[in-house]
Structure formats: C-alpha cells, structure tokens
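Here is what each chain is made of, one letter per residue.
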Amino acid sequence: MIFNMEYETMPREALEAIQLRRLQTTVERVYANVPFFREKFQQAKVSPADIRSLDDLRRLPFCTKMDLRDNYPYGMFAVPMDLVVRIHASSGTTGKPTAVGHTARDIQTWAHLMARSLVAGGANRGDIIHNAFGYGLFTGGLGVHYGAEALGASVIPVSGGNTKRQAIIMKDFGPTIITGTPSYCLHLAEVAEELGVSFKDLKFRYGIFGAEPWSETMRAEIERKLNLIAVDIYGLSEVMGPGVAVECHEAKKGLHIWEDNFIAEIVDPVTLEPVPYGTTGELVFTTLTREAFPLVRYRTRDITALNPEPCICGRTHIRMNRITGRSDDMLIIRGVNIFPSQIESVLLDIEGIAPHYQLVVDRKDSLDVLTVLVEVNEKLFSDEVKGLQAMEKRISKNIKDLFGISAAVKLVEPKQIARSEGKAIRVVDNRKI
Ligand code: DLL
C-alpha cells in the first residue's frame, strides 16, 4: 500500500515543480525571519530573487550544527514563539544542545510523513505498533507515535528500557509492528527468549528500525531472531526527526527521501562540491515545508550516496543508500549521539586528569558498552586505590548525568594510552555491525 498515492508516485517533473516553488518560499522565509540566514546570504551575495531554478540552490551557503549551536536556543526559529507548539533537542549534548521548534503545522506534516514512512515499511491501519523508541527530547518516540496515530494504527507507547516488561507486553498485546533502534530490539529479543517468550509465537510482521548505523548482516540477524521483515528508517532532529527517509518493504534497497518536503544533495565533505548520483559523500538537506525551523543546505555529516533509479514499489522519490559513516567523529551509543569532545569536557573539569583519554565501544548481548580510559597524573596515580575508585565513580556519574548512558571508567597510569603521530585516536570502536 502507498499512504499518499498522488505525492509518493508523482512524476519527476511535477515533483521538481513543487520543490522549486517550496524552495523559493523557504528561502524567502528564512531571509525575512532568521538574521543568521540573511547575513549568510548577503555575504554570499545571493538574495531570494536569485533562486529561479533548482540548480540555483548551489548558490546558497551551507549551514552546520555549529551554526545551530551558536544560535542556541531559539536564534534559528523563523516564527514567533507563540506559534511554536513543541521543542525537541538533539540528544546527548553538553552545555549547548541544539533546540528545534515545531509549529502545529510542522507537527502535522511530520505525522503525515511518518505515516507514509510506516506504510512504506509495511504497516497499515489495523496494525498494532510496539514503539520502543525513547519518548522525550529525542524525536524517535513521539515521531513514530504521531505518525502511527495519523495512519490510524494502534500504538503502544512502550518507549525504551524496562526490557522485561516489554517482553510481557509483546506477548499479551499482540503487536504486529515493532519500531526501535536495531541494537535495542535485538537485545529485547534476547531478553524475551530468556523469559521464555519466543518471537516465533508472536505476531510481528515488520520491524522499522533506525536512529543509529546498522548493516545488512544485522538486518539478516534481526529478521531471523525477531521473525519479521526489517526495514531502515532515517531522520535527524534538526531536519525534522524520524521519517525524512525510509526503505520500502517491497524492495528493501535504499531509503526513499520524501522529496516534496526535503531536497537532498550529496557533496564532497572536503571541497563541498556536489558529486554525481551514485558517488558517496556527505548528505545535505534543505527543508521545503518546515515553518518553525527551516534549514537551507544543512550539512548532516552523514555519509551516503543517492540512487535515482525507479523502484519496484512505484514511489518516485529518490533513494539514499544506508548511512555508512560520518564525516565527523560523532558516535551513537545506545541511540545517544556523543562527540568525544563532550566526554573530554567532563574529564577536564576534574583535577589531576591528564588530557589523554580514549573511548572504547564494544557490543555485548546486542547492547553498546562504553568504556572510558583516562590517564591520571603521577601524583594522583600514587594515591590509594580507594581514591582512584572514587574518582572513577565520579566521572562515570557525571557522564551518566549528562548523557543518560552508563560508562565504565578506568583510570590508567600516565603514558598508558598510545600516542599517535597525527590526530589522537580518541575512539576505538570494536562494534561489528
Ligand atoms: O535519530 C531521529 C530518528 C529517530 C531516526 C528514530 C530514525 C528513527 P537524532 O537523535 O538527531 O535523530 O540523530 C540523528 O542519527 O544524523 C545519523 O547519524 C543517525 N541516524 C539516524 N537514523 C539512522 C539510520 C534521530 N537509519 C543522527 N542509519 C543522524 C544510520 C542513522 N544512522
């Protein structure tokens, strides 16, 4: 089934005509209402009147997460606060996260795009959706929730965590669709098995997973363990939340980007020049319908390639490959986005800690485990064991308070962490996904 036949299967020409009209409106809106964009456009010597074709998009400057942080919290909003009905924030950031606002119409558009995405992923009216994405500032839980309601499916707002209870709910409530991060849902499957709840006896047909990188190998494992068909959903809070792009269950080969709402470009992360279809580079989005938080040429740092080939599902919207990495050092640990520099700021607040640290990430029982190795100075290291343990606990607590995730902290002797000739190796990611 296709949720919005007219728009999802629109011929390219008509789709591009809509894109141009909406791009012009967006550019006018940000120029009039967001000083940041007005100044950037003026520096680049472009004005809204210069945008006469989709190719003119390339004349506009890029924006980055740093720009959003600089204008924190509401500097990038394009509407007065009395029109903002919801505020989300990007997860796991210290001090200055990114705040993103939505008008009532933004929420409606998002719910609509999520409904499209759920249907593309195999859901329908009458389905019962076990939504294991976290509810809160993170957009996953509420994004899926509103989409499920717009579709007319029944949604169980179970959120993340409390895994044993989830297993019981899955058995008793008979959900037919599961949504969540792929790693958490695999973990959930393992816990359920331990409790004697077998996915073979459950009613799941499809699982719609995202918010973190995963692979074809993981898809095969999830499909086998959870006994369902698994599809990939993508999004980011700055641009909307989940539902920017999704795989169709018919092809399971690349994620359709809802192009009537977003223009996607792939650029070389170094030269920032657009690259041809099929070439891997950094994904850049321009929003076309966002009212409260429109973005022009936002660099996502996600690495992928675009595929314009027609799809067997009949949707005409371009597909992007699975995200294969990032052009920065952001890590996603249990769905929480973390930059090594943010851990660094926790460490440097503490006396006696040398500026050498390393984040080691492993995956145990399908869950990410973060270990933070931290060098201490000679003086501190000669302290009693009790003092060192107390410090490990303190750092671990600070990380938990700031990011909401548990990390094992290990203090090590001076000069224990390997020095590199070039950039320090801050992250050792042992996860095989
Ligand atoms: O993760 C929104 C979302 C929720 C997407 C639920 C899908 C499902 P943020 O917390 O802002 O938003 O994180 C966005 O997560 O730039 C990617 O690096 C990564 N990401 C999201 N989806 C995928 C995916 C949500 N399917 C950042 N595959 C993005 C790989 C993903 N990475």
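Read on for an overview of the structure. No experiment lies behind these values; they were computed from the predicted model shown.

## Some points on the overall build of the protein chain
Logical step 1: Along the protein chain, the regular secondary structure elements total 12 helices and 21 strands.
Logical step 2: The C-alpha atoms of the protein chain give 23 Å as radius of gyration, which agrees with the globular expectation for 433 residues (22 Å, within 12%).
Logical step 3: Seen along its three principal axes, the alpha-carbon backbone of the protein chain occupies a region of about 70 × 60 × 45 Å.
Logical step 4: Out of the 433 residues in the protein chain, the part that is buried amounts to 56%.
Logical step 5: Restricting the contact set of the protein chain to residue pairs at least 6 apart, pairs at least 24 apart contribute 66%.
Logical step 6: In the form shown here, the protein chain has an accessible surface area of approximately 18,900 Å², with 52% of it arising from carbon and sulfur atoms.
Logical step 7: Across the protein chain, the mean location of the 52 positive side-chain charges is 2 Å away from that of the 54 negative side-chain charges.

## Re the nonpolar core
Logical step 1: By size, the foremost hydrophobic cluster in this structure holds 66 residues, and its most contacted members are Phe-37, Tyr-234 and Phe-285.
Logical step 2: Setting aside residues no more than four positions away along its own chain, Phe-37 makes contact with Val-30, Cys-63, Met-76, Pro-294, Leu-295 and Val-296.
Logical step 3: One finds Leu-331, Ile-395, Ile-399 and Phe-403 within the second-largest nonpolar core, a separate group that totals 26 residues.

## A look at the sheet that holds strand E10 (residues 262-267)
Logical step 1: Taken together, 4 strands build an open sheet; the order of strands is E10-E11-E12-E15 and the sheet is antiparallel. In the strand order of this sheet, the two ends are held by E10 and strand E15 (325-326), each with one partner.

## Focus: the site of the ligand
Logical step 1: Close contacts around the ligand come from 23 residues, with Asp-232, Ile-233, Ser-237, Asp-302 and Asn-337 the closest.
Logical step 2: The side chain of Arg-326 places a nitrogen or oxygen atom 3.2 Å from an oxygen atom of the ligand.
Logical step 3: Elements that contribute at least two residues to the shell around the ligand include exactly helix H6 (139-151) and strand E7 (229-236).
Logical step 4: Tallying contributions element by element places E7 first for the shell around the ligand, with 5 residues.

## Points about the sheet that holds strand E19 (residues 367-376)
Logical step 1: One open sheet holds the 4 strands; their spatial order is E20-E19-E18-E21, and the pairing between them is mixed. With one partner strand each, in any of the chains shown, strand E20 (407-412) and strand E21 (427-429) form the two edges of the open sheet. Put simply, the sheet's adjacent strands are angled 20° from each other on average, direction ignored.
Logical step 2: Examined bridge by bridge, strand E18 (residues 353-364) and E21 share 3 bridges and lie parallel to one another. In the strand pairing of E21, Val-360 is matched with Val-428.
Logical step 3: Against the sheet, helix H10 (residues 340-348) contacts E18, E19 and E21, and its axis sits at roughly 130° relative to E18.

## Remarks on the pattern of salt bridges
When the charged atoms of two side chains lie near each other, side chains of opposite charge can form a pair.
Logical step 1: Across all of its chains, the model carries 24 salt bridges by this definition.
Logical step 2: The partner of Arg-12 in a salt bridge is Glu-16, with the nearest N and O atoms 3.2 Å apart. Of this pair, Arg-12 and Glu-16 both sit in helix H2 (residues 12-33), 4 residues apart, which is roughly one turn of the helix.
Logical step 3: A salt bridge links Arg-12 to Glu-259, with the shortest nitrogen-to-oxygen separation between them at 2.8 Å. Of this pair, Arg-12 sits in helix H2 while Glu-259 sits in the loop between strand E9 (255-257) and E10; the two residues are 247 residues apart in sequence, bridging distant segments of the chain.
Logical step 4: Overall, Glu-259 belongs to the buried group, its relative accessible area being 5%.

## Things to note about the side chain of His-102
Logical step 1: Note that His-102 resides in strand E2 (residues 99-103).
Logical step 2: On the accessibility criterion, His-102 (1% relative accessible area) is buried.
Logical step 3: Non-local contacts of His-102, meaning those with residues more than four positions away in its chain, are made with Leu-83, Val-84, Val-85, Arg-86, His-88, Ile-107, Trp-110, Met-240, Arg-290 and Ala-292.

## Notes on the packing of helix H5 (residues 104-120) against H6
Logical step 1: In the contact formed by H5 and H6, the axes pass within 7 Å of each other and the chain directions differ by 80°. The angle between H5 and H6 places the two elements in the roughly perpendicular class. Contacts between H5 and H6 involve Ile-107, Trp-110, Ala-111, Met-114, Ala-115, Leu-118 and Val-119 from the former and Thr-139, Gly-143, Val-144, Tyr-146, Gly-147, Ala-148, Ala-150 and Leu-151 from the latter.
Logical step 2: Of the residues assigned to the contact of H5 with H6, the class counts are 12 nonpolar, 3 polar and no charged.

## A few points about the packing of H2 against helix H3 (residues 35-43)
Logical step 1: Running from amino to carboxyl end, H2 crosses H3 at an angle of 105°, the nearest separation of the two axes being 5 Å. Considered as vectors, H2 and H3 are oriented roughly perpendicular to each other. Facing Val-27, Val-30, Tyr-31, Ala-32 and Asn-33 of H2, the residues of H3 in contact are Pro-35, Phe-37, Arg-38, Phe-41 and Gln-42.
Logical step 2: Among the residues forming the contact of H2 with H3, the class breakdown is 7 nonpolar, 2 polar and 1 charged.

## Re H6
Logical step 1: Here H6 spans 18 Å end to end across 13 residues, near enough to the 18 Å set by a 1.5 Å rise per residue.
Logical step 2: Among all positions in H6, only Thr-139, Gly-140, Gly-141, Gly-143, Val-144, His-145, Gly-147, Ala-148 and Leu-151 are buried.
Logical step 3: Against the buried residues of H6 lie strand E1 (84-89), H5, strand E3 (128-131), strand E4 (154-156), strand E5 (177-180) and strand E8 (241-247).

## Focus: the packing of aromatic side chains
Logical step 1: Summed over all chains, the structure comprises 10 aromatic pairs.
Logical step 2: A centroid spacing of 6.4 Å and a plane angle of 35° characterise the contact between Tyr-234 and Phe-285, whose relative ring orientation is tilted. On the criterion of sequence distance, the pair formed by Tyr-234 in strand E7 and Phe-285 in strand E11 (residues 281-287) is long-range, its members being 51 residues apart. Each of the two residues, Tyr-234 as well as Phe-285, counts as buried.
Logical step 3: Note on Phe-262 and Phe-285: the rings are 6.1 Å apart at their centroids and 65° apart in plane angle, and the pair reads as edge-to-face. Of the two residues, Phe-262 is situated in strand E10 and Phe-285 in strand E11; the sequence distance between them amounts to 23 residues.
Logical step 4: Given a relative accessible area of 0%, Phe-285 falls into the buried group.
Logical step 5: Its guanidinium or amino end placed over the ring of Trp-258, Arg-116 lies 5.0 Å from that ring's centre, counting from NZ or CZ.

Conventions adopted
Residues numbered from 1 in each chain as written. Predicted model: local features only at pLDDT ≥ 70, side-chain atom pairs only at ≥ 80, totals over all residues. Heavy atoms only, no water. Helix = DSSP H or I, 4+ residues; strand = E, 2+ residues; numbered from the N terminus. Rg over C-alpha atoms; globule rule 2.2 N^0.38 Å. Buried < 20%, exposed > 50% of the residue type's maximum accessible area, 1.4 Å probe, protein only. Contact = heavy atoms within 4.5 Å. Areas by Shrake-Rupley, 256 points an atom, 1.4 Å probe, with all protein chains shown as cover. Lys, Arg positive; Asp, Glu negative; His and termini not counted. Charge placed at Lys NZ, Arg CZ, Asp CG, Glu CD. Core = buried A, V, L, I, M, F, W, Y, C linked by side-chain atoms within 4.5 Å. Pairing = 2+ DSSP bridges. Near = heavy atom within 4 Å. Polar contact = N/O pair within 3.5 Å; in protein donor to acceptor, adjacent residues only side chain to side chain. Axes fitted to C-alpha atoms, helices over the stretch in contact; angles between N-to-C directions. Salt bridge = Lys/Arg side-chain N within 4 Å of Asp/Glu carboxyl O. Parallel < 35°, antiparallel > 145°, perpendicular 65-115°, else oblique. Nonpolar A, V, L, I, M, F, W, Y, C, P; charged D, E, K, R; others polar. Expected span 1.5 Å × (residues − 1). Phe/Tyr/Trp six-rings, centres within 6.5 Å; stacked < 30°, edge-to-face > 60°. Lys NZ or Arg CZ within 6 Å of the ring centre and 35° of its normal.

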